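Survey of secondary and tertiary structure
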Amino acid sequence: MAELVTIDGQRYKKREPLGVLGLSIITVGIYWLYWYYVTNEEIRRFEKDETVRPGMALLAITLGWFILVPPFISVYNTSKHIVQMEERLGIQQQLSPALNVIFLLIVGIVIPVYSQEHLNRVWERARGLRVPPPAPGEMPPPPV
């Protein structure tokens, strides 16, 4: 169901998008939450960006609904990171963060299918390559 890919000494999972959907449905959304956390962790490691905080992303997507805004910001930011990864690797057909936010409004369970498909493209393209670091303008400030 998942293939492990090693990039710059780090391991990432190429997951079957429909498998993620199926597990999310079977577990009544629990796997969706696990997938969201793990995906943000993989993004943090791949981007070497300590500002990506998987725990906060998960908190925003769960308890953030009480305030209404945090889930949308979290999904948008996660999607933007995937786009940045695609841009760095020269992948032409890129994920649309706005579309993921719309999915969250209509049927959030589609987000992993769409996002995982794009992450799989990143993992496949980066496999065996020396991935260039983010440009200086893209680098976040170091954590304080």
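Above this text is the structure in question.
I will try to describe carefully the structure that is included in this document. As the structure is a prediction and not an experimental result, all values here were calculated from the model. (Residues numbered from 1 in each chain as written. Predicted model: local features only at pLDDT ≥ 70, side-chain atom pairs only at ≥ 80, totals over all residues. Heavy atoms only, no water.)

Next up on the list: helix α5 (residues 97-106). Within α5, the full set of buried residues consists of Pro97, Asn100, Val101, Phe103 and Leu104. Down the axis of α5, the buried set is contained in an arc of 155°. They therefore lie on one face. Facing away from the buried surface of α5 by more than 90 degrees, the exposed residues are Leu105 and Ile106. Contacts from the buried residues of α5 go to α3 (54-62), α4 (70-88) and α6 (111-126). (Buried < 20%, exposed > 50% of the residue type's maximum accessible area, 1.4 Å probe, protein only. Helix = DSSP H or I, 4+ residues; strand = E, 2+ residues; numbered from the N terminus. Arc of directions from axis to C-beta. Contact = heavy atoms within 4.5 Å.)

Let us now look at the pairing of strand β2 (residues 10-15). In this structure, strand β1 (residues 2-7) lies alongside β2, joined through six bridges in antiparallel fashion. Residue pairing for β2: leucine 4 is matched across the bridge by lysine 13. Counted between consecutive antiparallel strands, the loop separating β1 from β2 contains two residues, among which aspartate 8 sits at a positive phi close to 50°. (Pairing = 2+ DSSP bridges.)

What follows concerns the nonpolar core. Residues Ile7, Tyr36, Phe46, Met85, Val122 and Trp123 are the most contacted members of the largest nonpolar core, which totals 28 residues. Mapped by element, the contributors of at least two residues to this core are β1, α2 (30-47), α3, α4, α5 and α6. (Core = buried A, V, L, I, M, F, W, Y, C linked by side-chain atoms within 4.5 Å.)

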